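Geometric and topological summary
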Amino acid sequence: MRTTIDLPPELMQAAKIAAVERGMSLKDLFTKALTHEIGAGTPGRKHGRVTFPLVSAPDAEPKTSITNADIEAAFEAEDIEKYAQ
């Protein structure tokens, strides 16, 4: 579906740069961003939490617990560092 939206020039420039850096089209970047933001998944994709196995040594410290809020905070800090001028 085709539509027109008005975006601030600096946001559009940042989106174009991000798309190039990620090797994807601007359409794909916007689709991925909107899908993430509104929570609508792609057809056939399973929803739910993904867990990764953690490998630990016998004398290792306890496992680290990282929440979605921690990840969002890290991304936000990275964006602030990258785009703040």
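The following refers to the structure shown. Every value quoted in this text rests on a predicted model; they were computed, and no experiment measured them. (Residues numbered from 1 in each chain as written. Predicted model: local features only at pLDDT ≥ 70, side-chain atom pairs only at ≥ 80, totals over all residues. Heavy atoms only, no water.)

1. Focus on the overall build of the protein chain
- Scanning the protein chain from N- to C-terminus turns up three helices and zero strands.
- Buried positions account for 7% of the 85 residues belonging to the protein chain.
- Entry remark: accessible area of the protein chain is about 8,400 Å², with carbon and sulfur atoms responsible for 57%. (Helix = DSSP H or I, 4+ residues; strand = E, 2+ residues; numbered from the N terminus. Buried < 20%, exposed > 50% of the residue type's maximum accessible area, 1.4 Å probe, protein only. Areas by Shrake-Rupley, 256 points an atom, 1.4 Å probe, with all protein chains shown as cover.)

2. Points about the pattern of salt bridges
- On inspection of all chains with the given rule, the structure shows one salt bridge.
- For the salt bridge of Lys82 with Glu21, the shortest nitrogen-to-oxygen distance reads 3.1 Å. You can see Lys82 sitting in helix α3 (residues 68-83) and its partner Glu21 sitting in helix α1 (residues 9-22), a full 61 residues away along the chain.
- Classification of Glu21 by relative accessible area gives exposed; the value is 53%. (Salt bridge = Lys/Arg side-chain N within 4 Å of Asp/Glu carboxyl O.)

3. Brief notes about a negative patch on the surface
- Together, Glu72, Glu76, Glu78, Asp79 and Glu81 make up a negatively charged patch on the protein surface.
- Here Asp79 shows up in helix α3.
- Taking the relative accessible area as the measure of exposure, Asp79 reaches 40% and is therefore partly exposed. (Patch = residues over 30% accessible without salt bridge, like charges linked within 9 Å, V, L, I, M, F, W, Y side chains within 5 Å. Lys, Arg positive; Asp, Glu negative; His and termini not counted. Charge placed at Lys NZ, Arg CZ, Asp CG, Glu CD.)

4. Considerations on the packing of α1 against helix α2 (residues 26-38)
- Where α1 contacts α2, the axes come no closer than 9 Å and their chain directions differ by 105 degrees. As far as their axial angle goes, α2 and α1 are roughly perpendicular. When α1 is examined against α2, the residues Met12, Ala15, Lys16, Ala18, Ala19 and Arg22 are found in contact with a partner set consisting of Leu26, Leu29 and Phe30. (Axes fitted to C-alpha atoms, helices over the stretch in contact; angles between N-to-C directions. Parallel < 35°, antiparallel > 145°, perpendicular 65-115°, else oblique. Contact = heavy atoms within 4.5 Å.)

5. Brief notes about α2
- Counted at 1.5 Å a residue, the expected span for α2 with its 13 residues is 18 Å, and the 18 Å between its end C-alpha atoms agrees.
- Of the residues trailing α2, Gly39 is marked for its positive phi of about 80 degrees. (Expected span 1.5 Å × (residues − 1).)

6. Section: a nonpolar patch on the surface
- A contiguous nonpolar patch, built from Ile5, Leu7 and Leu11 and spanning about 270 Å² of accessible area, is present on the exposed surface.
- With respect to the helices and strands, the residue Leu7 is situated in the segment before α1.

That's the geometry; what it means functionally is another story.
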